[in-house]
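# Residue-level structure breakdown
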Amino acid sequence: MSSSGTIPARPFGANGVAMVTPFTPDSAALDLDAAQALAVHLVEHGVDMLVLGGTTGESPTTSDEEKHAIVRAVREAVGDEPTILAGVGTNDTRHSIALARASAELGVDGLLVVTPYYSKPSQEGIARHVEGIADATDVPVMLYDIPGRSGVPLALETILRLAEHERILALKDAKGDLAQAAGVMARTDLAYYSGEDALNLPWMAIGASGIVSVVGQVDPELESEVIAAVDRSDLPLARTLHTRLSPLVDAIMGIMPGVVAAKTALALQGVIPHAAVRGPLAPADDAQTRALAAVLEAAGLIDGSTTTSRRNA
């Protein structure tokens, strides 16, 4: 809910999920059937935005061809809805532009562009990188500010500059600077999306358009309920629902890497057949799996006696 009491503009939807990329048990190949089934499951349970080929989709260890195959398969499975964004950000501007153009040809609705990682470019370098990608196609862009992974945050001046670009419509924030974001929202039309599950409610309370969640693929319905409560200005209910989500957020984002936890949870729910990940990620061990299963069972997301999904079946 914006400060004016109206629901903010949502250029890419509201309840977004950074979707995992299912693999075969040996992780050697994509499991496109599982990817399609997961996408359909998420849409049926309230997700209106799927982000494919991001870090949660194991972008560092999937080839360009695999990234494109996932987009084609998911689009085929879900049709024109929901919004599909393709992760095209790399630390090579030429490579990112090539990914953007290929994704545009596949008919994606948006491009997720992360701040170039590892190279630690200047703010001018970051701005030119993003503008080059945005200029390469007619597809709208969502920026991704996550300095904990990229090493460099988007500075205020850079965000304001990029917000002037006609195709840069939104920013997924995992930096957590709500004060800076409130100022940007007041000065621009840039739509903000929470990229940190623990801060989803605070972000929406100050006017964010929605979320791009890892946890949301494990409990998409509860995330939808939080968003709906905020839209109705029912802050007490939104707080209650947010509190209910907290143990799951802690488990998915704290026990092990989020990708590993999300895949393990989805496999425990029976939503995907395997929790295989690619190195350097390591699969959940027995103790981690038991701890995660206990949280899922307490949340009513699996039946402990059968280890299958209950609420999301």
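Residues numbered from 1 in each chain as written. Predicted model: local features only at pLDDT ≥ 70, side-chain atom pairs only at ≥ 80, totals over all residues. Heavy atoms only, no water.

The chain goes by 4-hydroxy-tetrahydrodipicolinate synthase in an unreviewed UniProt entry, where it is assigned to Brachybacterium nesterenkovii. The heading Function (unreviewed entry) in the UniProt record of the chain holds the text "Catalyzes the condensation of (S)-aspartate-beta-semialdehyde [(S)-ASA] and pyruvate to 4-hydroxy-tetrahydrodipicolinate (HTPA)." What UniProt records for the chain under Subcellular location (unreviewed entry) is the sentence "Cytoplasm". (UniProt positions renumbered as here; feature names shortened; annotations may be inferred.)

## Focus on the packing of helix H11 (residues 258–269) against helix H12 (residues 286–298)
Packed helix pairs are specified by the crossing angle of their axes together with the interaxial distance, meaning the distance between the axes. Following both chains from N to C, one finds H11 and H12 inclined at 60°, their axes separated by 10 Å at the closest point. When the interaxial angle is binned, H11 and H12 end up oblique. Regarding H11 and H12, the two cross each other, and that crossing is right-handed. Taking contact as the criterion, the partners of Ala 261, Thr 264, Ala 265 and Leu 268 in H11 are, on H12, Thr 289, Leu 292, Ala 293 and Leu 296. (Axes fitted to C-alpha atoms, helices over the stretch in contact; angles between N-to-C directions. Helix = DSSP H or I, 4+ residues; strand = E, 2+ residues; numbered from the N terminus. Parallel < 35°, antiparallel > 145°, perpendicular 65-115°, else oblique. Left-handed = near helix turned anticlockwise from the far one by under 90°. Contact = heavy atoms within 4.5 Å.)

## Looking at the pairing of strand S5 (residues 141–145)
Across the five residues that make up S5, a large majority, five, are buried. The alternating pattern of S5 places Val 141, Leu 143 and Asp 145 and Met 142 and Tyr 144 on opposite faces, both of which are buried. Bridging between strand S4 (residues 110–114) and S5 involves four bridges; their strand directions are parallel. Looking at S5, one finds that Val 113 is bridged to Leu 143. With helix H4 (residues 123–136) bridging S4 and its parallel neighbour S5, the resulting β-α-β unit is right-handed. (Buried < 20%, exposed > 50% of the residue type's maximum accessible area, 1.4 Å probe, protein only. Pairing = 2+ DSSP bridges. Right-handed = clockwise from strand over helix to strand, strands pointing away.)

## Comments concerning the sheet that holds strand S6 (residues 168–173)
Read around the closed barrel, the eight strands follow the order S1-S2-S3-S4-S5-S6-S7-S8; overall the barrel is parallel. Across the sheet, the axes of successive neighbouring strands diverge by a mean angle of 25°, strand direction being ignored. Sheet topology places S6 next to strand S7 (residues 191–194); four bridges connect them, and they run parallel. From the neighbouring strand, Lys 172 faces S7, where its bridge partner is Tyr 193.

## Comments concerning the packing of aromatic side chains
This structure, assessed with the given rule, holds one aromatic pair. The ring of Tyr 144 is capped by Lys 172, whose NZ or CZ atom sits 4.0 Å from the centre of that ring. Between the NZ or CZ atom of Arg 278 and the centre of the ring of Phe 23, over which it lies, the distance is 4.2 Å. (Phe/Tyr/Trp six-rings, centres within 6.5 Å; stacked < 30°, edge-to-face > 60°. Lys NZ or Arg CZ within 6 Å of the ring centre and 35° of its normal.)

## Focus: the side chain of Gln 269
Topologically, Gln 269 is positioned in helix H11. Owing to a relative accessible area of 4%, Gln 269 belongs among the buried residues under this scheme. At 3.1 Å, the side chain of Gln 269 forms a polar contact with the backbone oxygen of Val 218. (Polar contact = N/O pair within 3.5 Å; in protein donor to acceptor, adjacent residues only side chain to side chain.)

## Concerning helix H3 (residues 93–105)
The first and last C-alpha atoms of H3 sit 19 Å apart over 13 residues, in line with the 18 Å expected at 1.5 Å per residue. Every buried residue of H3 is listed here: Ser 96, Ile 97, Leu 99, Ala 100 and Ser 103. Buried residues along H3 cover an arc of 160° about the axis, so they all sit on one side. Residues of H3 that are exposed and angled more than 90 degrees away from the buried face: Arg 94 and Glu 105. Packing partners of the buried residues in H3 comprise helix H2 (64–78), strand S3 (83–87), S4 and H4. Two to three positions downstream of the cap, the backbone nitrogen of Arg 94 sits 3.0 Å from a side-chain oxygen, assigning the N-cap of H3 to Asp 92. A positive backbone phi angle near 85° is found at Gly 107, which sits one or two residues after H3. (Expected span 1.5 Å × (residues − 1). Arc of directions from axis to C-beta.)

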